[in-house]
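# Geometric and topological summary
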Amino acid sequence: MKPALRESLREDAVKCSLPAALEAMGERWSFLILRGSFNGLKHFEEFQSELGIARNILANRLARLVDHGILERRACDDDRRKVEYCLTDKGYALLPTMVALRQWGERWETGKEATPILVDARDRKPIRPVSVTAHDGRVLGKRELIWALPEEVYGDASAEAAE
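Just so you know, these numbers come straight off a predicted model, no measurement behind them. (Residues numbered from 1 in each chain as written. Predicted model: local features only at pLDDT ≥ 70, side-chain atom pairs only at ≥ 80, totals over all residues. Heavy atoms only, no water.)

### Some words on unusual backbone geometry
Here is the rule: Put simply, DSSP H or I for four residues or longer makes a helix, DSSP E for two residues or longer makes a strand, and each gets a number counted from the N terminus.
Cis geometry is found at the peptide bond from Thr115 to Pro116, where omega equals 0°. By secondary structure assignment, the location of Pro116 is in the loop between α6 (95-110) and α7 (150-154). Even without a glycine there, the phi angle at Arg124 is positive, about 55°. Position of Arg124 among the secondary structure elements: in the loop between α6 and α7.

Here is the structure:
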């Protein structure tokens with residue numbers, strides 16, 4: 001029997017995408033700015049007043065999110081002197097992560113459903129918990145996951161092309 005493969009925890013960001021993702025997002029304020037963006041905030045003053053964040057920290061975090069391509073800085077149509085911060089496709093791709101963190105917090109930290117409730121716009125029903133799913137849509141539990149090398153998943157040709 002082959003020994004179980006383990007993810008190396010000492011790999012640099014080139015080999016492991018988690019440190020790279022954490023570098024892009026930074027810390028608490030970046031997540032709260034992102035949450036604000038998902039809720040329609042666009043202007044520096046809106047973020048500042050809604051979040052109660054210091055102006056210098058907000059400026060730093062917005063610049064970091066723009067540098068990483070998560071937000072885009074644009075001139076406002078109605079007043080070219082003002083700018084707005086808009087989510088990019090890369091930023092929108094963080095929505096499942098944000099929902100998963102919120103659901104985790106509801107379950108393990110606060111013990112109650114957050115308000116307002118995130119619902120399906122069509123049916124007005126609460127969304128399902130975010131889960132890890134197999135290629136065929138099956139929800140996977142912790143005992144149904146293993147690490148595999150690229151050549152074990154895609155074959156030798158794909159592994160060579162990735163290098």
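Next comes the rest of the description.
### Let's talk about the state of the cysteines
Applied cut-off: By definition, disulfides here are pairs of cysteine sulfur atoms that lie within 2.5 Å. Only protein chains enter the accessibility calculation, which uses a 1.4 Å probe; a residue whose area is less than 20% of its type maximum is buried, one above 50% is exposed, and one in between is partly exposed.
Following the criterion strictly, the structure yields 0 disulfides and no others. For the unlinked cysteine Cys76, the closest cysteine sulfur is that of Cys86, found at 8.1 Å. The class for Cys76 is buried, based on a relative accessible area of 2%. With relative accessibility at 6%, the residue Cys86 sits in the buried group.

### A closer look at the side chain of Thr88
The cut-off we apply is this: For this analysis, a polar contact is any N or O atom pair within 3.5 Å, provided that within protein one partner can donate a hydrogen and the other can accept it, and provided that sequence-adjacent residues contribute only side-chain to side-chain pairs.
By the element assignment, Thr88 lies in the loop between β2 (83-87) and α5 (89-92). On the basis of relative accessible area, Thr88 is assigned to the buried category, the value being 18%. Here Gly69 takes part through its backbone oxygen, which lies 2.5 Å from a polar atom of the side chain of Thr88.

### Quick word on the packing of helix α2 (residues 28-38) against helix α4 (residues 55-67)
Inclusion rule: The convention used is that axes are lines fitted to C-alpha atoms, helices contributing only their stretch in contact, and that angles between N-to-C directions extend from 0 to 180 degrees. Just so you know how the angles are binned, under 35 degrees is roughly parallel, over 145 roughly antiparallel, 65 to 115 roughly perpendicular, and the rest oblique. Between two residues, a contact is recorded if the distance between any of their heavy atoms is within 4.5 Å. Note on residue categories: nonpolar means Ala, Val, Leu, Ile, Met, Phe, Trp, Tyr, Cys or Pro, charged means Asp, Glu, Lys or Arg, and polar means any other residue, Gly included.
Two numbers describe how α2 lies on α4: the axes approach to 10 Å, and their chain directions differ by 75°. Between α2 and α4, the interaxial angle falls into the category roughly perpendicular. Facing α2, whose interface residues are Trp29, Ser30 and Ile33, α4 presents Ile57, Leu58, Arg61, Leu62, Arg64 and Leu65. Within the contact of α2 with α4, the residues separate by chemical class into 6 nonpolar, 1 polar and 2 charged.

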